[in-house]
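# Geometric and topological summary
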Amino acid sequence: MAVATSNQFPINMPHSLPRLIILICVWTAVVAIHTLFIHLDSGFSFWVSFSDALIFNSLFAAIATGLWHYTSYVNPDNRSTGDLAINHLTVALVTLSIWIYLSILILKWIFGNENIYLLFLDRSVPFRVILGLLFYMTSVWVFYLVRALEKARWQSAREEKISLMLKDAELKALRSQINPHFLFNSLNSIHALTLTDPSRAGEMIINLSDLMRYSLSKQEQMVSFSEEINQVKRYLEIEKIRFSERLGVKIMVAPEAEEIQVPSMILQPLLENAVKHGIYGIEKNVSVSLDAKVTESFLEVRISNNYDTDMPVKKGTGLGLKNVKDRMSVCYHRNDLVEIHKDTDLFTVKLKIPV
């Protein structure tokens, strides 16, 4: 029995128990119909009729097992119509000859003294040939149909597996962009503080260590929202140490939102943007707020920051927001889950995470 590889459809598939039960039921019904036909039409005893039906059909059922394997190699997709017809015609003639010869040989051995039945047996050969051809064509057609369905199912499962592998690879690539971006911003914050307050810089390094530990340990795609909030709080603690009272933070999370699964590190880039564009290079105080609530179908997360309209907007790479959009698209196969609103002095990003 051939074993399927990751790139090749299995040549011979194992017979499952349900399929075996179906085959037994089908051939049992054929034997019963065959027995009744001979018994009622020819007047032979039930034993003679049953023996005739059982031997002929059991032998063909055994031959049909070989036909199952044969159809694995005679693939209609890879053969011309003429080549396919010649192959099956040749196999049908050989198969039917062996089938009829063995069946008659066994029955003559069992009923050697039943002259009337033996005469019936010889005269019924043409009819049995036609019946055998019908059995052969039906069996081959069913086998090809089953294989086509199995192949379609196998291809669908393989494509789904490949899709998941590509999705995982894409998410890892996106995550690999987050860590350097986040680390770069955090180290800038620590550098600035070492010039003014070295002792607090040490506190920031400890917080940064906790942040990096989270980003390295949470490599899985989904985490609870409460874990993400804790990560956000660590990051904001670092920035609050640097900017002190100039940075105000307000976080409101509905209790029912805490256990909802979200993509790991999905909030970090948005908070970095809020701090960077709200406070860097600007003298006025800035308030960053995060509000999370659960609606009927989504966990809605709204991150806002005010900014000074009189100051030029600090230009960035746009990597953070783009990364969030890309990851949401990959995770949920939708492009409408990130909304951006810019009012007179308030910048807001809204995430809609399907529950």
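Rules of the game
- Residues numbered from 1 in each chain as written.
- Predicted model: local features only at pLDDT ≥ 70, side-chain atom pairs only at ≥ 80, totals over all residues.
- Heavy atoms only, no water.
- Helix = DSSP H or I, 4+ residues; strand = E, 2+ residues; numbered from the N terminus.
- Buried < 20%, exposed > 50% of the residue type's maximum accessible area, 1.4 Å probe, protein only.
- Contact = heavy atoms within 4.5 Å.
- Areas by Shrake-Rupley, 256 points an atom, 1.4 Å probe, with all protein chains shown as cover.
- Pairing = 2+ DSSP bridges.
- Axes fitted to C-alpha atoms, helices over the stretch in contact; angles between N-to-C directions.
- Expected span 1.5 Å × (residues − 1).
- Patch = residues over 30% accessible without salt bridge, like charges linked within 9 Å, V, L, I, M, F, W, Y side chains within 5 Å.
- Salt bridge = Lys/Arg side-chain N within 4 Å of Asp/Glu carboxyl O.
- Parallel < 35°, antiparallel > 145°, perpendicular 65-115°, else oblique.
- Left-handed = near helix turned anticlockwise from the far one by under 90°.
- Nonpolar A, V, L, I, M, F, W, Y, C, P; charged D, E, K, R; others polar.
- Phe/Tyr/Trp six-rings, centres within 6.5 Å; stacked < 30°, edge-to-face > 60°.
- pLDDT = per-residue confidence, 0-100.
- Core = buried A, V, L, I, M, F, W, Y, C linked by side-chain atoms within 4.5 Å.

This paragraph deals with the overall build of the chain. Of the regular secondary structure elements, the chain holds nine helices and seven strands. Taken across its 355 residues, the chain has 40% of its residues classed as buried. Sequence-distant contacts, at least 24 apart, represent 73% of the contacts inside the chain between residues at least 6 apart. Carbon and sulfur atoms make up 63% of the accessible area of the chain, which amounts to about 20000 Å² in all.

Further remarks concern the sheet that holds strand β6 (residues 338-342). With respect to topology, five strands assemble into an open sheet ordered β2-β4-β5-β7-β6, the strand pairing being mixed. Either end of the sheet is taken by a strand with one partner, and the two such strands are β2 (247-253) and β6. Mean inter-strand twist for the sheet, computed between neighbouring axes without regard to direction, equals 10 degrees. Here seven bridges tie β2 to strand β4 (residues 286-294), and the two strands are oriented parallel to one another. Bridging from a neighbouring strand, glycine 248 pairs with serine 287 of β4. Lying on the sheet, helix α7 (residues 225-243) is in contact with β2, β4 and β5 (298-306); it crosses β2 at an angle near 170 degrees. Strand contacts of helix α8 (residues 268-279): β2, β4, β5 and β7 (346-354), with the helix running at about 20 degrees to β5, the strand carrying the most contacts.

Before going further, it helps to examine α7. The end-to-end C-alpha distance of α7, which contains 19 residues, comes to 27 Å, matching closely the 27 Å that a straight helix rising 1.5 Å per residue would cover. Turning to α7, its buried residues number three or more, namely Phe225, Glu228, Ile229, Gln231, Val232, Tyr235, Leu236, Ile238, Glu239, Ile241 and Phe243. In the stretch just after α7, serine 244 is the one whose phi turns positive, near 55 degrees.

A cluster of nonpolar side chains, contributed by Val94, Ile98, Tyr101, Leu102, Leu105, Ile106, Trp109 and Ile110, occupies part of the molecular surface with about 830 Å² of accessible area. The residue tryptophan 109 is located in helix α3 (residues 81-110) in this model. By relative accessible area, tryptophan 109 is classed as exposed at 73%.

This part covers the pairing of β5. Extensive coverage of β5 is indicated by the burial of eight of its nine residues. The turn joining β4 and β5, which pair antiparallel and follow one another in sequence, is formed by three residues. In terms of strand pairing, β5 meets β7 through nine bridges, oriented antiparallel. Across the sheet, residue asparagine 305 finds its bridge partner in β7, namely phenylalanine 347.

One way to put it is that α7 packs onto α8 with a least axis distance of 10 Å and a crossing angle of 20 degrees. Here α7 is positioned roughly parallel relative to α8, judged by the angle of their axes. The two elements α7 and α8 cross, and the hand of that crossing is right-handed. Residues Gln231, Val232, Tyr235, Leu236, Glu239 and Phe243 of α7 lie in contact with α8, whose contacting residues are Gln268, Leu271, Glu272, Val275 and Ile279. Residues that form the contact of α7 with α8 fall into these classes: seven nonpolar, two polar and two charged.

Once that is clear, we can look at the packing of aromatic side chains. This structure, assessed with the given rule, holds 11 aromatic pairs. Pairing phenylalanine 60 with phenylalanine 135 gives two aromatic rings, centres 5.4 Å apart and planes at 55 degrees, and the pair type is tilted. One end of the pair, phenylalanine 60, is in helix α2 (residues 46-73); the other, phenylalanine 135, is in helix α5 (residues 125-194), and 75 residues separate them in sequence. The exposure classification of phenylalanine 60 matches that of phenylalanine 135, with both residues buried. Here tyrosine 117 and phenylalanine 120 contribute two aromatic rings whose centre-to-centre distance is 6.1 Å and whose plane-to-plane angle is 40 degrees, an arrangement assigned as tilted. Placement of the pair is tyrosine 117 and phenylalanine 120 together in helix α4 (residues 115-123), with a separation of three residues, close to one helical turn. Counting every residue linked through ring pairs, the aromatic cluster contains Trp27, Phe56, Phe60, Trp99 and Phe135.

Quick look at the pairing of β7 now. Relative to β7, β6 runs antiparallel, the two sharing five bridges. Looking across to β7, one finds that histidine 341 is bridged to threonine 348. Connecting β6 to the next strand, β7, in antiparallel fashion are three residues.

For the rest of this paragraph, the subject is the confidence of the model for the chain. Looking at the chain as a whole, the pLDDT averages 79, with 81% of positions reaching at least 70. Low pLDDT, under 50, characterises residues 1-6; the stretch is placed with nine contacts to residues that sit more than four places away or in other chains.

This brings us to the nonpolar core. One recurring pattern in soluble globular proteins: nonpolar side chains tend to sit buried together. Phe225, Leu267, Leu290, Leu299 and Val301 are the most contacted members of the largest nonpolar core, which totals 47 residues. Residue assignment for this core shows that the elements contributing at least two residues are α5, α6 (198-217), α7, α8, β4, β5, α9 (319-332) and β7. Residue contributions to this core peak at eight residues, all from α7. One finds Ala64, Leu67, Trp99 and Tyr117 within the second-largest nonpolar core, a separate group that totals 27 residues.

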